[in-house]
Amino acid sequence: WMEGEAGWIDVPTPADSRIFDMAYRVEATGEVIGFDEFYAYDGGQIAVAEGGEPEGMTPIARAVPAARAGDFTARESGVLAALTAVAVAVAGVTVRYRRPR
């Protein structure tokens, strides 16, 4: 569910961000290509300096920033708590009406 709230953000990502995918943005076109596609991109002719990034490309992450991750967690926890309360109520009603009198 949280993955649906993710967006592309520049690397390095803020601490505690929930990262789902990494990719490169081609600076000339704005196209986003995943790492797997990167290695097939341009026939593998893109030079990458050791420890660096490919020229003309910016590393990006598909992530939920830490500030939004807390809101998501609180919202989802509330939904799960409500579902738990409903399940307990249904169980209580079921037990009450199934007991012999």
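Residues numbered from 1 in each chain as written. Predicted model: local features only at pLDDT ≥ 70, side-chain atom pairs only at ≥ 80, totals over all residues. Heavy atoms only, no water.

## Side note on the overall build of the protein chain
Then step 1. The number of helices and strands found in the protein chain is 2 helices and 4 strands.
Then step 2. Seen in sequence order, the protein chain has helices and strands lined up from the N terminus as β-β-β-α-β-α.
Then step 3. Each of the 101 residues in the protein chain was classed as buried or not, and the buried ones make up 19%.
Then step 4. A total of about 7400 Å² of accessible surface is found on the protein chain, and carbon and sulfur atoms cover 56% of it. (Helix = DSSP H or I, 4+ residues; strand = E, 2+ residues; numbered from the N terminus. Buried < 20%, exposed > 50% of the residue type's maximum accessible area, 1.4 Å probe, protein only. Areas by Shrake-Rupley, 256 points an atom, 1.4 Å probe, with all protein chains shown as cover.)

## Re a negative patch on the surface
Then step 1. Judged by side-chain charge, Asp21, Glu31, Asp36 and Glu37 come together as a negatively charged surface patch.
Then step 2. Summarising the element assignment, Asp21 is placed in strand S2 (residues 18-26). (Patch = residues over 30% accessible without salt bridge, like charges linked within 9 Å, V, L, I, M, F, W, Y side chains within 5 Å. Salt bridge = Lys/Arg side-chain N within 4 Å of Asp/Glu carboxyl O. Lys, Arg positive; Asp, Glu negative; His and termini not counted. Charge placed at Lys NZ, Arg CZ, Asp CG, Glu CD.)

## Focus on the packing of aromatic side chains
Then step 1. Counted under the stated rule, the structure contains 0 aromatic pairs.
Then step 2. Above the face of the Tyr97 ring, Arg96 is positioned so that its terminal group lies 6.0 Å from the ring centre. (Phe/Tyr/Trp six-rings, centres within 6.5 Å; stacked < 30°, edge-to-face > 60°. Lys NZ or Arg CZ within 6 Å of the ring centre and 35° of its normal.)

## Focus on the sheet that holds strand S1 (residues 7-10)
Then step 1. One open sheet holds the 4 strands; their spatial order is S1-S4-S2-S3, and the pairing between them is antiparallel. Two strands lie at the open edges of the sheet, namely S1 and strand S3 (32-34), each paired on one side alone. Within this sheet the neighbouring strands show an average axis-to-axis angle of 45°, counted without direction. (Pairing = 2+ DSSP bridges. Axes fitted to C-alpha atoms, helices over the stretch in contact; angles between N-to-C directions.)

## Comments concerning the pairing of strand S4 (residues 57-64)
Then step 1. Most of S4 is tucked away, with 6 of its 8 residues classed as buried.
Then step 2. Bridge analysis of S1 against S4 gives 4 bridges, and the strand direction is antiparallel. Considered in S4, the bridge of Trp8 is made with Arg62.

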